[in-house]
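Residue strings, one per chain:
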Amino acid sequence: MHKKVQLAHIRYNTNSNGQTECWRLVLDGEEILVESVQIQAPVFTSRDWIEPIGQFKHHISVKDCEVVVSDAGDAIITDHKV
């Protein structure tokens, strides 16, 4: 997968077994699970209220970026400007 996104959120997948699909990527609102994440872009922290579970979730976030996910589930996030 190769996708340009306005906003990427990265957070640990608390439903993971700690071996596979350890990371959630929320890319312009669409969620995918990946094995690992490498970020080569400016980052900031953010949080969202998740109504169905009644909790805040905290993220490492990246604006205006490109996301490439390999068939093995490894994600690389880079800055659009590079």
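Residues numbered from 1 in each chain as written. Predicted model: local features only at pLDDT ≥ 70, side-chain atom pairs only at ≥ 80, totals over all residues. Heavy atoms only, no water.

Peer 1: For the overall build of the protein, give the residues involved together with the corresponding values.
Peer 2: Assigned secondary structure in the protein consists of zero helices and seven strands. Its helices and strands taken in sequence order, the protein reads β-β-β-β-β-β-β from the N to the C terminus. Overall size of the protein, expressed as C-alpha extent along the three principal axes, is 40 × 25 × 15 Å. A total of 82 residues make up the protein; the buried ones form 34% of that total. Sequence separation of 24 or more characterises 44% of the internal contacts of the protein that already satisfy a separation of 6 or more. If the 8 positive side-chain charges of the protein are averaged to one point and the 12 negative ones to another, these points end up 7 Å apart. (Helix = DSSP H or I, 4+ residues; strand = E, 2+ residues; numbered from the N terminus. Buried < 20%, exposed > 50% of the residue type's maximum accessible area, 1.4 Å probe, protein only. Contact = heavy atoms within 4.5 Å. Lys, Arg positive; Asp, Glu negative; His and termini not counted. Charge placed at Lys NZ, Arg CZ, Asp CG, Glu CD.)

Peer 1: Which residues make up the pattern of salt bridges, and what are the values?
Peer 2: For the structure shown, the criterion picks out two salt bridges. The closest approach of N and O atoms between glutamate 30 and lysine 3, which form a salt bridge, is 2.8 Å. Here the residue glutamate 30 occupies a position in strand β3 (residues 30-34), and lysine 3 occupies one in strand β1 (residues 2-12), the gap between them amounting to 27 residues. Overall, the relative accessible area of 43% leaves glutamate 30 in the partly exposed class. (Salt bridge = Lys/Arg side-chain N within 4 Å of Asp/Glu carboxyl O.)

Peer 1: Which residues make up the environment of threonine 20, and what are the values?
Peer 2: Here threonine 20 lies in the loop between β1 and β2 (23-27). Judged by relative accessible area, which is 40%, threonine 20 ranks as partly exposed. Spatially, the C-alpha atom of threonine 20 lies 7.8 Å from that of valine 34, the residues being 14 residues apart in sequence.

Peer 1: Give a description of the nonpolar core that names residues and reports values.
Peer 2: If you look at the biggest cluster of nonpolar residues, it comprises 14 residues, and the most contacted ones within it are Leu25, Leu27, Cys65, Val67, Val69 and Ile77. No other element matches strand β6 (residues 55-69), which puts four residues into this core. (Core = buried A, V, L, I, M, F, W, Y, C linked by side-chain atoms within 4.5 Å.)

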